Every structure is written in structure tokens, then in C-alpha cells.
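# Observations on chain architecture
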Amino acid sequence: MDRGFVVRSGEDRFAAPIRFLNGRFDIKVSGRDTGGRLCVIDTVRIAPGGPPVHVHAAQDEVFHVLEGRFRFRIGDELIDAQPGDVLFGPRGVPHAFASVSPTARLLLTFQPALTIESFFAEGGLDPLSEEFARVSRAHGMELIAPPLDLD
């Protein structure tokens, strides 16, 4: 790619937002834009909850809370986060997050991108199912515990 671009608020880079777990995922910067080096996704959460605790074998993940409140687990630490907070989940370290507000937004950055966009497009399954675990493994993630408790 030899020029920049703009993806407006509320829009997906390819005009094809992904429905995943409890929300909508808008690709802002695709791995296709960066030669696989980076992927940025704006997630709009429409209900509390989040994915199971998992580990990315070969990806770092950055979380930027834009709206609402979230609970994170990174390693053994539980963190309550609010708008403006940024958290880093390094590759190989178990992590998870859950929105605790009725609605919320979280900007996710994956480095490198690998196949994360395909995972979200394919992984709109029950997060407690064996099929979700299989799809996760196929995209370089291992599920190690259920989603975070919101109580």
C-alpha cells in the first residue's frame, strides 16, 4: 500500500462489519493493508460479557477502552478499566476481557495480524462450545478457562 486512508466512526474498512459474541466488529486497519503486520478493530459491545480466557501463541494484543467499563484478566491480574485506559496482552500470556456495561466500545490492536480477521468472521459460535475451541486453535489461540465472571 502506498497511500493512507480514512475509516469513519461507525464504519467498517470494507463495509462488512462482523457480528461476533456480544457485539459488532468494525475492521479499521486490516492485515491486508499492512502486509500482515497489524490489524485494528473497533468493537461495539451490545451486552455484557466477553471471550474465554485464552492465549495467543504468536500475537500481542492491545486493548483501548473507548466507552463503558471492562474487566480484564492479563496473566493472573484482574483489572477494572474505564474509558481512556490502555492494556497490553503480550503473546504467550493468558488474557480475557468482558464488558461490564450494558453497552461499551473497545479498540483492539493485533500485532502481527496473522489470521485474526478470519477468526472473527468464522468464530461467531457459542464460546463454550468445542467448535469455538477448534476454530480458536486453528487461528493460533488456545482457550484455557471460561469467560470472566462479572460478579
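Structural notes, computed from the coordinates. (Residues numbered from 1 in each chain as written. Predicted model: local features only at pLDDT ≥ 70, side-chain atom pairs only at ≥ 80, totals over all residues. Heavy atoms only, no water.)

## Notes on the overall build of the chain
- What the chain contains, in helices and strands, is two helices and 11 strands.
- Across the chain, helices and strands are ordered from the amino to the carboxyl terminus as β-β-β-β-β-β-β-β-β-β-α-α-β.
- What you see for the chain is a C-alpha radius of gyration of 14 Å, in line with the 15 Å of a compact globule of 151 residues.
- When its C-alpha atoms are laid out on the principal axes, the chain stretches across 45 × 30 × 25 Å.
- The long-range share in the chain, meaning contacts at least 24 apart out of those at least 6 apart in sequence, stands at 63%.
- Summed over its atoms, the accessible surface of the chain is roughly 7600 Å², and 53% of this surface lies on carbon and sulfur atoms.
- Placing the 16 positive and 21 negative side-chain charges of the chain at their respective mean positions leaves the two points 6 Å apart. (Helix = DSSP H or I, 4+ residues; strand = E, 2+ residues; numbered from the N terminus. Rg over C-alpha atoms; globule rule 2.2 N^0.38 Å. Contact = heavy atoms within 4.5 Å. Areas by Shrake-Rupley, 256 points an atom, 1.4 Å probe, with all protein chains shown as cover. Lys, Arg positive; Asp, Glu negative; His and termini not counted. Charge placed at Lys NZ, Arg CZ, Asp CG, Glu CD.)

## Comments concerning the environment of arginine 19
- As for its position among the elements, arginine 19 is in strand β1 (residues 18-20).
- Counting along the chain gives 65 residues from arginine 19 to glycine 84, while the straight-line C-alpha distance between them is 24 Å.
- What arginine 19 contacts, discounting residues up to four positions off in sequence, is Arg24 and Phe120.

## Regarding empty space enclosed by the protein
- The tally for this structure, following the rule as stated, stands at one cavity of 30 Å³ or more.
- Reported here for the largest cavity is a volume of approximately 130 Å³.
- Residue lining of the largest cavity: 19 residues in total, with Phe20, Pro51, His54, Phe119 and Phe120 positioned closest to the centre.
- Tallied by class, residues from the lining of the largest cavity come to 14 nonpolar, three polar and two charged. (1 Å grid on protein atoms, 1.4 Å probe; cavity = no way out; pocket = protein on both sides within 12 Å on 5 of 7 lines; lining within 4 Å. Points joined across faces, edges and corners; volume = space filled by probe spheres on them. Nonpolar A, V, L, I, M, F, W, Y, C, P; charged D, E, K, R; others polar.)

## Let's talk about the packing of aromatic side chains
- Across all of its chains, the model carries 13 aromatic pairs by this definition.
- Ring geometry for phenylalanine 70 against phenylalanine 97: centres 6.3 Å apart, planes inclined by 65 degrees, an arrangement best described as edge-to-face. Here the residue phenylalanine 70 occupies a position in strand β6 (residues 70-74), and phenylalanine 97 occupies one in strand β9 (residues 95-99), the gap between them amounting to 27 residues.
- What makes phenylalanine 70 buried here is its relative accessible area of 1%.
- Each member of the aromatic cluster is reached from another via a ring pair, and the members are Phe20, Phe25, Phe110, Phe119, Phe120 and Phe132.
- Its guanidinium or amino end placed over the ring of phenylalanine 5, arginine 13 lies 3.7 Å from that ring's centre, counting from NZ or CZ.
- The lysine or arginine in question, arginine 32, covers the ring of phenylalanine 14, its NZ or CZ lying 4.0 Å from the ring centre. (Phe/Tyr/Trp six-rings, centres within 6.5 Å; stacked < 30°, edge-to-face > 60°. Buried < 20%, exposed > 50% of the residue type's maximum accessible area, 1.4 Å probe, protein only. Lys NZ or Arg CZ within 6 Å of the ring centre and 35° of its normal.)

## Quick word on the pattern of salt bridges
- Taken as a whole and assessed by the stated rule, the structure comprises nine salt bridges.
- The residue aspartate 60 makes a salt bridge to arginine 91 at a minimum N-O spacing of 3.2 Å. Note that aspartate 60 is positioned in strand β5 (residues 60-67) and arginine 91 in the loop between β8 (86-89) and β9, a separation of 31 residues in sequence.
- Note that glutamate 67 is salt-bridged to arginine 105, the shortest N-O span being 3.1 Å. In this pair, glutamate 67 is assigned in strand β5 and arginine 105 in strand β10 (residues 104-111), connecting sequence segments 38 residues apart.
- Taking relative accessible area as the criterion, glutamate 67 reaches 40% and is therefore assigned partly exposed.
- One salt-bridge network, held together by shared partners, links Asp42, Glu67 and Arg105. (Salt bridge = Lys/Arg side-chain N within 4 Å of Asp/Glu carboxyl O.)

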